Amino acid sequence: MEQFIISPSSGIPIYKQLYSQIERMVLNGYFSVDQRLPSVRQVASDLDVNPMTVSKAYGLLEERGYLTRLRGKGMVVTARDDEVLQQEKLTMLDEMIKELLAQAKQMGISDDKVVQMINRNVANKQDETVGKE
Amino acid sequence: MTCIVNVKGLTKSYKNQSVLKGLSWEIEPGDVVGLLGKNGAGKSTLLKSLLNISDIDSGEISIFGEQYNQLSSKNKARIGYVPQENDEISWLSVNDLINFRKQFYSTWSDEKVTELISRWEIDATKKIAELSPGQVQRVLIILALAPMPELLIFDEPAASLDPAGRRDFLKEILTLVSDENITVIFSTHITSDLERIANKVAILDKGKICYFNDLDITKESVVQLTVHCKKEQGITIPYLLRGKLHSQGQYGVVSQLDQAWLAEMKEQAVEVTINPMGLEDIFLELTA
């Protein structure tokens, strides 16, 4: 069961890599509410990493409200208001947009141009959908 | 918390070459510490000093709270050591060597030995001298793990293992780490092994532990920065290890990320890009 992918030699600590992957998997519904996550031991052994690293990621996800620790059951996905969930998703997208704009800036491409490109992509997608119907 | 290993002011020289120059180091229970250092930095000397295999010139070392050269036999049995080079009797068969070593320990696990011998496909009837370097290393690892030690010291344990053998060795260490509250110190040149299993990284350079920190904190603080500013702004990057000025701004590697400085930059609308680095690059930067 190799659900997570990490690259140990990346500059991003392994616990952070795991944290962002699981966060995304909860937000996009790969892990559904009340679903049990593999145990710390299991993940550590699958990925050949220190169990402390996995615990750290799980702990952080618990702290931020994504996971709940159940006695004898391990970690399960927390049931949360649609509103809160929606907010989390928007926050994540917001981060991605910031990153996109920063990248564009480094390439010398203006914010306006990026907005234009997004609009064009949205328009193209709508055309495609219409085409299919 | 009491330290498992506590070193103060350790010095050691060979003839007139001084290797360890007043080295201090504290290892806490449960830590898995990766020790990095250039060739000849003195990693083996340091590890051998801890075990009283190599004489020291001055300094204090305590292990399990006892003076290192007066360890009780009970505490000695709590330490497992895998040397860089095989110093076992090479004309003995693996079986004989195991039975010989077994006599010295009351906590010896035959189960562990049998399991590892079969998993690592070692022909125990063969003499040590007849084994390949990788197989010898595996035997040494088995000898170190069999007494179920609480402190494991490895001197480049993976040096003669192939990638599959190395991974399997890491797995074994990780199992030990998750099952018992074991403390591990291992020297290595293979930073990716360290990144997988260690929670702390130590760097031995110029006779001292010049860097010792949590691995995650290390990756979050030793980073490359690009500061998008003009020369006239006269911005100084704090904790700079190495820096360069160019037309687009300043580039640098820092040993620590100064949050107050970052906030100040934000206030001045100076853009700072942070790029994390892998441990190999971090090691090179810190010992440059």
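None of the values given here were measured: they were computed from a predicted structure.

Asks: What should I look at first to understand the overall build of chain A in this one?
Replies: Scanning chain A for helices and strands turns up five helices and two strands. When its helices and strands are written in sequence order, chain A yields α-α-α-β-β-α-α. Relative to a compact globule of 133 residues, whose C-alpha radius of gyration would be 14 Å, chain A shows 19 Å and is clearly more extended. Looking at the 133 residues of chain A, the share that counts as buried comes to 32%. Restricting the contact set of chain A to residue pairs at least 6 apart, pairs at least 24 apart contribute 50%. Working note: accessible area of chain A is about 8,800 Å², and carbon and sulfur atoms make up 53% of it. Averaging the coordinates of the 17 positive side-chain charges in chain A and doing the same for the 19 negative ones gives two points 5 Å apart.

Asks: Would you mind going over the domain arrangement of chain A with me for this structure?
Replies: All names here are of chain A. What the domain assignment lists for chain A is domain 1 (14–77) and domain 2 (83–131). Once you take the C-alpha centre of each, domain 1 and domain 2 turn out to be 29 Å apart. Opposite the five residues of domain 1 that make contact, domain 2 presents four residues. In this assembly, domain 1 packs against domain 2 so that about 420 Å² is buried in total across both faces, 71% of it on carbon and sulfur atoms. The interface formed by domain 1 and domain 2 holds zero salt bridges in total. Viewed at the interface, domain 2 and domain 1 are joined by one residue pair in polar contact (both at pLDDT 80 or more). Class assignment of the residues belonging to the side of domain 1 that touches domain 2 gives a composition of two nonpolar, no polar and three charged.

Reading guide: rules and limits
- Residues numbered from 1 in each chain as written.
- Chains lettered and ligands numbered in written order.
- Predicted model: local features only at pLDDT ≥ 70, side-chain atom pairs only at ≥ 80, totals over all residues.
- Heavy atoms only, no water.
- Helix = DSSP H or I, 4+ residues; strand = E, 2+ residues; numbered from the N terminus.
- Rg over C-alpha atoms; globule rule 2.2 N^0.38 Å.
- Buried < 20%, exposed > 50% of the residue type's maximum accessible area, 1.4 Å probe, protein only.
- Contact = heavy atoms within 4.5 Å.
- Areas by Shrake-Rupley, 256 points an atom, 1.4 Å probe, with all protein chains shown as cover.
- Lys, Arg positive; Asp, Glu negative; His and termini not counted.
- Charge placed at Lys NZ, Arg CZ, Asp CG, Glu CD.
- Domains from an automatic or database assignment.
- Buried area = accessible area lost by both parts, 1.4 Å probe.
- Salt bridge = Lys/Arg side-chain N within 4 Å of Asp/Glu carboxyl O.
- Polar contact = N/O pair within 3.5 Å; in protein donor to acceptor, adjacent residues only side chain to side chain.
- Nonpolar A, V, L, I, M, F, W, Y, C, P; charged D, E, K, R; others polar.

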